Amino acid sequence: SHARLISENVRRARQDMEDMKGTVVSDIVVAVTPVSALLRSVGTCMMSFRRDFPHARLRVQEMRPAQLLEQVREGTLDFALTSQALPVDRALDCTQACRVPTLIAGRKGHPLRGATSLSALLQADWMVLDPLADPGTPFHQLFSANGLALPERVVECNSMTLALEMSRLGDILLPLSEESRRSRFLRESMDFLDIVEPVPDRIISLVSRDRHTMTAAAARLHDELLSPLPAHFPPAR
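Residues numbered from 1 in each chain as written. Predicted model: local features only at pLDDT ≥ 70, side-chain atom pairs only at ≥ 80, totals over all residues. Heavy atoms only, no water.

Here we take up the packing of aromatic side chains. All told, the structure shown has four aromatic pairs when counted by the stated rule. For the ring pair F49 and F53, a centre distance of 4.9 Å and an interplane angle of 40° mean the geometry is tilted. Both residues of the pair, F49 and F53, belong to the buried class. Between F139 and F143, the ring centres sit 5.3 Å apart and the planes meet at 70°, which makes this aromatic pair edge-to-face. A residue pair is termed a helical-turn pair when its members lie 3 or 4 positions apart in one helix, as F139 and F143 do in helix α4 (residues 138-144) at four residues. Each member of the pair, F139 together with F143, is buried. (Phe/Tyr/Trp six-rings, centres within 6.5 Å; stacked < 30°, edge-to-face > 60°. Buried < 20%, exposed > 50% of the residue type's maximum accessible area, 1.4 Å probe, protein only. Helix = DSSP H or I, 4+ residues; strand = E, 2+ residues; numbered from the N terminus.)

Printed below as a string of structure tokens:
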């Protein structure tokens, strides 16, 4: 891992020197989680970057949070946009950008669509995109903060597409982000529950091994992704 990190830093330094000659040809690798991929500014920033740097080789990968952090540590990613609570790790360069409200959703006509209390949802079937074993996720915090045990029937699914399809086909509840309301498909196919208990926000962060070792092009994309997020959502506390 140490040798791979050194090799990646050398590769980026060479790319920076080539970029300084004129045409930016950097190979930039970025990761997102299923939740952070839905943020309204992400697609806009990516397309703006492509227009400004048409010769740069941009690769965007969707990963689970744990996998994402592992690859950042190893230096195989330039940086990542994550929606997971970050561990205390001095090896990572983390910038918390904003907080995104979490919603509870079920298919249109879900039997529990009128529920107003979390206790009424304990016997429901649930689907989560985050690792179920991670106590720092909004799903865990939602129940623990209210003195409740986790529901017994919970499916962990990494695929947003499959999770939405399964929730459409069955009476499954799914924690989503506030950004879901921007999707016409989700507004027309899902009911959003209005419970009295506060639902924990998701903290959106940009994480890298070391921002100072990024190529100039990668640093430009990093900053362009970071800039609009606080304007759309409350800053992280």
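Moving on from the coordinates now.
A few words now on the nonpolar core. Proteins that are soluble and globular tend to have nonpolar side chains buried together. Grouped together as the largest cluster of nonpolar side chains are 25 residues, with contacts concentrated most on I28, L39, L81, L221 and L225. Elements that contribute at least two residues to this core include exactly β1 (27-32), α2 (40-52), β3 (79-82), β4 (93-100), β10 (202-208) and α7 (216-226). The element that contributes the greatest number of residues to this core is α7, accounting for five residues. Setting aside residues no more than four positions away along its own chain, L81 makes contact with A31, V32, T33, S36, L39, V42, L68, I204, S205, L206 and L229. Counting residues in each nonpolar core, the second largest holds 15 residues, with V35, C157, M160 and I172 among its members. (Core = buried A, V, L, I, M, F, W, Y, C linked by side-chain atoms within 4.5 Å. Contact = heavy atoms within 4.5 Å.)

So, on to the environment of R181. Mapped onto the secondary structure, R181 falls in the loop between β8 (172-177) and α6 (184-189). Since its relative accessible area comes to 37%, R181 is described here as partly exposed. Measuring from C-alpha to C-alpha, the distance between R181 and F192 comes to 9.0 Å, with eleven residues separating the pair along the chain. Excluding residues that lie within four positions of it along the chain, R181 makes contacts with L103, R187 and F192.

Moving on to the pattern of salt bridges. Inspection of every chain in the model, using the stated rule, returns 15 salt bridges. For D201, the salt bridge goes to R99, with nearest N and O atoms at 3.4 Å. Here D201 is found in the loop between β9 (190-193) and β10, whereas its partner R99 is found in strand β4, with 102 residues between them in sequence. Look at D201 and you get partly exposed, because its relative accessible area is 26%. With relative accessibility at 15%, the residue R99 sits in the buried group. A salt bridge links R168 to E165; the shortest N-O distance between them is 2.8 Å. One end of the pair, R168, and the other, E165, are both in helix α5 (residues 160-169), three residues apart, so they sit about a helical turn from each other. Residue R168 is classed as partly exposed on the basis of its relative accessible area of 41%. (Salt bridge = Lys/Arg side-chain N within 4 Å of Asp/Glu carboxyl O.)

The angle between the axes and the distance between the axes are what describe a pair of packed helices. Axis separation between α2 and α7 bottoms out at 9 Å; the angle between their running directions is 150°. In terms of their interaxial angle, α2 and α7 are classed as roughly antiparallel. For the crossing formed where α2 meets α7, the hand is right-handed. Touching V42, C45, M46, S48, F49 and D52 of α2 are A217, R220, L221, E224 and L225, all from α7. Its residues placed into classes, the contact of α2 with α7 shows seven nonpolar, one polar and three charged. (Axes fitted to C-alpha atoms, helices over the stretch in contact; angles between N-to-C directions. Parallel < 35°, antiparallel > 145°, perpendicular 65-115°, else oblique. Left-handed = near helix turned anticlockwise from the far one by under 90°. Nonpolar A, V, L, I, M, F, W, Y, C, P; charged D, E, K, R; others polar.)

Working note: α-helix, 3.6 residues per turn, so residues spaced by three or four point in the same direction. Taken residue by residue, α2 has S41, V42, C45, M46 and F49 as its buried positions. Projected onto a plane normal to the axis of α2, the buried residues spread over an arc of 135° and lie on a single side. Set apart from the buried face of α2 by more than 90 degrees, the exposed residues are T44 and R51. (Arc of directions from axis to C-beta.)

Before going further, it helps to examine the sheet that holds β8. Reading across from one edge, β7-β6-β8-β5-β9 is the order of the five strands in this open sheet, with mixed pairing throughout. Lying at the two open borders of the sheet, with one neighbouring strand each, are β7 (154-156) and β9. In this sheet, neighbouring strand axes are inclined to one another by 35° on average, regardless of whether the strands run parallel or antiparallel. Across four bridges, strand β5 (residues 102-107) lies against β8 in antiparallel orientation. Across the sheet, the residue bridging to L103 is L176, located in β8. The strands touched by α5 are β5, β6 (125-128), β8 and β9; relative to β8, the strand with the most contacts, the crossing angle is about 140°. (Pairing = 2+ DSSP bridges.)

In short, the description is geometric, and any link to function would need to be established separately.
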